Each structure stands twice: as structure tokens, then as C-alpha cells.
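Remarks on the overall topology
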Amino acid sequence: MAEFSDVVRSRRSSRMFLPDKPVPRELLDEALALAMRAPSNSNTQPWHVFFATGERRVRLVDALLTAVEAAPPAIGSAGLPPQFANLRRETGALVYGAMGIARDDAAGRWAAQRHNWEFFKAPVAGRVCMHRDFGNVDAMGVGMFLQTLLLALNERGIGSCVQVSISFYPDVLREQLGIPTDLTILCGLSIGYADEAFAANHLDTPRNPISENVVFLDD
Ligand SMILES: Cc1cc2nc3c(=O)[nH]c(=O)nc-3n(C[C@H](O)[C@H](O)[C@H](O)COP(=O)(O)O)c2cc1C
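Thresholds applied
Residues numbered from 1 in each chain as written. Predicted model: local features only at pLDDT ≥ 70, side-chain atom pairs only at ≥ 80, totals over all residues. Heavy atoms only, no water. Near = heavy atom within 4 Å. Polar contact = N/O pair within 3.5 Å; in protein donor to acceptor, adjacent residues only side chain to side chain. Areas by Shrake-Rupley, 256 points an atom, 1.4 Å probe, with all protein chains shown as cover. Helix = DSSP H or I, 4+ residues; strand = E, 2+ residues; numbered from the N terminus. Salt bridge = Lys/Arg side-chain N within 4 Å of Asp/Glu carboxyl O. Buried < 20%, exposed > 50% of the residue type's maximum accessible area, 1.4 Å probe, protein only. Pairing = 2+ DSSP bridges. Axes fitted to C-alpha atoms, helices over the stretch in contact; angles between N-to-C directions. Contact = heavy atoms within 4.5 Å. Phe/Tyr/Trp six-rings, centres within 6.5 Å; stacked < 30°, edge-to-face > 60°.

- In the nomenclature of an unreviewed UniProt entry, the protein chain is known as Oxidoreductase of Mycobacterium aquaticum.

Below, the structure written as C-alpha cells:
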């Protein structure tokens, strides 16, 4: 069994999957059983996940791409307040740079971004939701579930990518997956075997020095 530290360090977002290599259901179930161990406020276990595979996934992707063509998403915002917009540009430069797409190649960028709504060809297309009456505290619980799931998948050699971009089309998701209106759709989740030949799947995204995010006070 892999060391925990190695599992954490080797996880990264995959943005191209092997479409014809299915994820064995028993491995997905193992990872989900571990993720269910995540802590949550009053043990609310606020996460609700919908997975589409097979024909359901094909119909979902068709519907999403139709919606994308009809009304291109306002990607520029992507939920980030203006003072943090530079972080989105920096990450974009890193990801698209690794794909060999030049900064001024708008068509190339759009073609790469469009893969978001194909779940990067992943055979398992997920939606992560929580009850609409829950707030930030419970969203933390969903995040803990999600990270545990990503790590458990990584430990089993399975790749993933969390995707806010999928949430731009909530009506399509509700219709295609039968997501009830009392659930807020938080993000998408692509799961599959990463295409190792895809250069951007080997990105080492930088992290701040700990001191930028953590303060110790002892006076
Ligand atoms: C809540 C959340 C939303 C994200 N949305 C997207 C997305 O829509 N598209 C995408 O390509 N990556 C998305 N990502 C992946 C991040 O860009 C990625 O986690 C970050 O750049 C760090 O890279 P790493 O996951 O490889 O360590 C998202 C990640 C999180 C946690």
C-alpha cells in the first residue's frame, strides 16, 4: 500500500482521460466508502453525488455541448472575485502552456476549455451537490468528502478533476441527471484513468510557502 504522503503528493488534476478504459465499480465503491468517513458538522454528511456512466454520460455530454454552443459560458468570472482573477490567469497560463497553446491563441484555448463539458473524456461524469439550505460550514464537509475521495482514487491509480465549469449549466444537469431542486449543484467531478501521454496531466502546480497561509501566534 502506498504511503499517505506519496498519495497526497502525487495527486493532480487530470484534464484528459482514457475514454475506453472503464473504472471498475468495486474500486469506485472502495474509494467512496473511504470518503464517507469524512468529518462533517453534526455528522450531517452533506454530500450528494450523481454519477453518469455509459449511455447516460453520452446523453449528458451531448446536452452540455449543445448548451455550450447555444450560450458560451462566462468563463472569465469562474466564481472568482476580481482581486483574485490573476490567479485564474496564472493557472490558465500553466495549464494551457503545458498543452502547447500560446497565450494569444484564443481558438486553441477555447478548444481546450470545451473539454470541460466532455468531462475531459472521463468515463465517469460526476456532480457534487448539497442541500440548498446548507451554508459554508456544510460546504466544508463536502470539501472534506471530496478530497478524501480524490486521494482514495489516486491511491487506486485512478485520476480525477474537480470542475466548477460544469456548474454553469445547472438546468441541463438537473434535467439529464434528475437532480432535485432542493439540492445546490456545487461542482463537477471527472473520474477515470488519466491519459499519461497528455503533457498537461503531469503538471506540478505551485503552492504558497506555508507562512503565506498560516500564522502561529504565541505571544
Ligand atoms: C472547487 C474546484 C473547482 C475547479 N474547477 C476546475 C474547472 O472547472 N476546470 C479545470 O480544468 N480545473 C478545475 N479545478 C482544478 C484546479 O485548477 C486545480 O485543482 C488547481 O489548479 C491545483 O492543481 P492540482 O489539482 O493539479 O494540484 C478545480 C478545482 C477545485 C478544487
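More follows now that the structure is in view.
**So, the site of the ligand**
- Neighbouring residues of the ligand: 14 residues in total, closest Ser13, Arg15, Val164, Ser165 and Arg207.
- Here arginine 15 contributes a side-chain N or O atom positioned 2.7 Å from an oxygen atom of the ligand.
- Between a nitrogen atom of the ligand and a main-chain N or O atom of valine 162, the distance comes to 3.1 Å.
- Protein chains shield 66% of the accessible area of the ligand, which is 620 Å² for the free molecule.
- Looking at the shell around the ligand element by element, the count peaks at three residues for strand β3 (residues 159-163).

**Here we look at the pattern of salt bridges**
- One pass over the full model with this rule turns up six salt bridges.
- Each of Glu30, Glu155 and Arg156 takes part in salt bridges that share partners, so that together they form one network.

**Re the pairing of strand β4 (residues 183-192)**
- Of all ten residues that make up β4, eight are buried, and the element is covered over most of its length.
- As paired strands, strand β2 (residues 124-131) and β4 are joined by eight bridges and run antiparallel to one another. Counterpart to arginine 127 in the pairing with β4 is glycine 188.
- In this structure, β3 lies alongside β4, joined through five bridges in antiparallel fashion. Along β4, the bridge assignment pairs valine 162 with leucine 189.

**Topic: the sheet that holds β4**
- Spatially, four strands are ordered β1-β2-β4-β3 in an open sheet, and the strand pairing comes out antiparallel. Single-partner strands in this sheet number two, and they are β1 (48-52) and β3. Recorded for the sheet is a direction-independent mean angle of 25° between the axes of neighbouring strands.
- Bridge analysis of β1 against β2 gives five bridges, and the strand direction is antiparallel. In the sheet register, histidine 48 faces β2, and the bridge partner there is cysteine 129.
- With respect to the sheet, helix α7 (residues 170-177) is in contact with β1, β2 and β4, its orientation differing from that of β4 by roughly 75°.

**Re the environment of glutamine 113**
- Looking at where glutamine 113 falls in the secondary structure, it is placed in helix α5 (residues 106-114).
- Residue glutamine 113 is classed as buried on the basis of its relative accessible area of 13%.
- Separated by 52 residues in the primary sequence, glutamine 113 and serine 165 place their C-alpha atoms 9.1 Å from one another.

**Overview of the packing of aromatic side chains**
- By the definition in use, this model includes three aromatic pairs.
- Between tryptophan 47 and phenylalanine 145, the ring centres sit 4.8 Å apart and the planes meet at 10°, which makes this aromatic pair stacked. Within this pair, whereas tryptophan 47 is found in the loop between α2 (25-35) and β1, its partner phenylalanine 145 is found in helix α6 (residues 136-155), the two being separated by 98 residues in sequence.
- Take tryptophan 47: its relative accessible area is 6%, and that puts it in the buried class.
- Overall, the relative accessible area of 1% leaves phenylalanine 145 in the buried class.
- When the ring of tryptophan 117 is compared with that of tyrosine 169, the centres are 6.3 Å apart and the planes differ by 85°; the resulting orientation is edge-to-face. With tryptophan 117 in the loop between α5 and β2 and tyrosine 169 in the loop between β3 and α7, the pair connects residues that are 52 residues apart, well separated along the chain. Like tyrosine 169, tryptophan 117 is buried.
- The structure contains a cluster of three or more aromatic residues connected by ring pairs, namely Trp110, Trp117 and Tyr169.

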